[in-house]
Amino acid sequence: ATDSCGTPLTGTTTDPLSYTQQGSYTIIWVYTDTNGNSTQQLQSVVIADTAVPIPTVTNLPSIIDDCSVTITAFPTATDNCAGLITATTTDPLTYSVDGIYTVTWVYDDGNGNTQTQTQQVVISDVNPPVPTITNLPVINGQCSVSITTHPTANDLCAGIITGTTTDPLTYTVQGTYTINWTYNDGNGNSIQQSQQIIVQDTTPPVAATRPVTVNLDATGTASLTPNQVNNNSRDNCGIASLTLDKTNFTCTDLGTVTVNLTVTDIAGNTHSAPALITVRDLIRPVVNTQPVTLFLNATGTVTLNPNQVDDNSTDNCGIVSRTVSQSQFDCSHIGRNTIQLTVTDASGNSNSRNVVVTIAETVAPIAIAHPSVSIALDGNGQAPLTVNEVNNGSSDNCAIATITLSKYFFHCSEVGTHTVTMTVTD
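Residues numbered from 1 in each chain as written. Predicted model: local features only at pLDDT ≥ 70, side-chain atom pairs only at ≥ 80, totals over all residues. Heavy atoms only, no water.

Asks: Could you give me a rundown of the pairing of strand 24 (residues 270–281), with the residues and numbers involved?
Replies: Regular strands place side chains that alternate from one sheet face to the opposite one. Examined bridge by bridge, strand 19 (residues 212–216) and strand 24 share five bridges and lie parallel to one another. Following the sheet pairing, Val-214 is matched in strand 24 by Val-279. In this antiparallel pair of consecutive strands, strand 23 (residues 255–265) and strand 24, the connection spans four residues, and Gly-268 shows a positive phi of 95 degrees. (Pairing = 2+ DSSP bridges. Helix = DSSP H or I, 4+ residues; strand = E, 2+ residues; numbered from the N terminus.)

As C-alpha cells, then:
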C-alpha cells in the first residue's frame, strides 16, 4: 500500500500463508504506517482439484502362470496434485486355481477424483504329475499288511503329491493283491501307478500288560476292558482280538486281583500274560437324615445316638460307621440345633449332611417352701410377703424362670394363719 507520509507499506497477516486442503479460504491483510494508521484488505484463496489420476501404463499386461500368481507389484498413476499414486483393490492378490480372473485397480487422489483400471490374471496347468519311483516295490507281510506310507509323485505346480486309492490299505487274508494309486494335481491332470501286495503268516503275538486301577460305581460294580490292561501288545502282522478271563468286579473284589490278558492275532495264534488289577471304592455314601426331638433328663442332659438322625443312608459297598458332630446336649441347647451326620464306608469314604436336633425340656421344677412364715403388720396395718421369705431351695434341672405367690399383702382383718401357694416356673 502507499502512504502519504512514508514509503510504500507491505501488508501483514496472522492467517496461514500455505493451503493444501481443498476449499475456499480468506486472508486478511493489514497495512500500518509509522503513525499508527492502519487499513485492511481481504484476499480469497481457492483450492479445487478436478483432474483424475492418469495410469502410468495405459493397458495393464495380463499376468499368466501355470500354477499360481501372487501380485506383489501394484500399478501406479500420476496426479496433478498427489503426484505418483499406487493403486488399491478389493480383489484377491493370490490365485492358485486354474481360471481367468480380473483384478480391478482403483487410483484415488484423495480429493474425490478416482480412476479405475482392470488387469487379467490367467492360471493354466496342463502338466501331469510324474511318479517319484518308476516301479513301486512289492510289499510282503507274514500275516497282514497295513499300508501307512503312500507313494508320491512330483508336480510342476502342486509339488509333492501323495497317491490316493479306493483299494483297501489293510490285507489280512493270505493272497496276492494289486493296489492302484492315483496322483491328481488338482488342476485336472492325473496319472495312475500299480503296486503288488503279498500276505503270509507264521509268528504268534506277544502279550504285554500293565497294572490297572478300577473304581466301583454307585451300584458297587466296575467293568474292565482288554484295552485298559493292554500295554502295547504286539504282533508282527496284526492283532485280531484281546480278551480277559475276568471283566466285572464287585465289592467282594476290593483290593488286588490278578487277571489274564489273551492276545489273538489275525491268523489265530495266541499268547497270554497276567495283569494286576486294583479294585477301589471311591464313591461316598449317600447320607439321608431325619430331624429328631430329644428331651432333657432330670440332670438337664441328653445323649444323641447317630442312628436316631440317620434315615436309611446308603453306600454302594456298605456303611461301617455313623458319627455326629455333637452328641451331648444340655440346657443351653434347648430349641433347634443344626449338627452334621457323617457316614463312612469300608473304604474310608465319608459324606456329611446337616440335620436339625430339637432339644426339649419337660421336667417340672421342684417347688420347696418354708412350712411356716410369720410376718408382722406395720403401723399402717399392712404386712408384705416376699418370695424369698417363702422359697426354701426350689430347684429345676435347667433353670428357674419365675417364682410367684398367690398372695403378697395382708391386712388387720387377716390376722391369723393363711395358706399361700408358691408357684415355680422354669
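Asks: Help me get a handle on the state of the cysteines, residues and values and all.
Replies: Summed over all chains, the structure comprises three disulfides. Between the sulfur atoms of Cys-67 and its disulfide partner Cys-157 the distance amounts to 1.7 Å. Taking the torsion about the sulfur-sulfur bond, which here is approximately -75 degrees, the covalent link between Cys-67 and Cys-157 counts as left-handed. One end of the pair, Cys-67, is in the loop between strand 4 (63–65) and strand 5 (69–70); the other, Cys-157, is in the loop between strand 14 (152–155) and strand 15 (159–162), with 90 residues separating them in the sequence. One disulfide in the model links Cys-251 with Cys-317; its S-S distance is 1.9 Å. Between Cys-251 and Cys-317, the disulfide has an S-S torsion of -85 degrees and is therefore left-handed. A residue pair is termed long-range when its members are at least 10 positions apart, and Cys-251 in the loop between strand 22 (248–250) and strand 23 and Cys-317 in the loop between helix 2 (306–309) and strand 27 (319–324) qualify at 66 residues. (Disulfide = S-S within 2.5 Å.)

Asks: Tell me what's going on with the sheet that holds strand 7 (residues 83–86), and back it up with residues and numbers.
Replies: The sheet built from three strands is open, its strands ordered 3-6-7 with antiparallel pairing. This sheet does not close on itself; its edge strands, each paired only once, are strand 3 (54–55) and strand 7. Pairing of strand 6 (residues 76–79) with strand 7, which is carried by four bridges, proceeds in the antiparallel orientation. Along strand 7, the bridge assignment pairs Ala-77 with Ile-85.

Asks: If you had to explain the sheet that holds strand 24 to someone new, which residues and values would you point to?
Replies: Overall, mixed pairing links the four strands, which are arranged 19-24-23-21 in an open sheet. Only two strands of the sheet have a single partner each, and these edge strands are strand 19 and strand 21 (239–244). Averaged over all pairs of adjacent strands, the angle between strand axes in this sheet comes to 35 degrees, irrespective of strand direction. Of the strand pairs in this sheet, strand 23 and strand 24 are connected by 10 bridges, and their pairing is antiparallel. Looking across to strand 24, one finds that Asn-260 is bridged to Pro-274. (Axes fitted to C-alpha atoms, helices over the stretch in contact; angles between N-to-C directions.)

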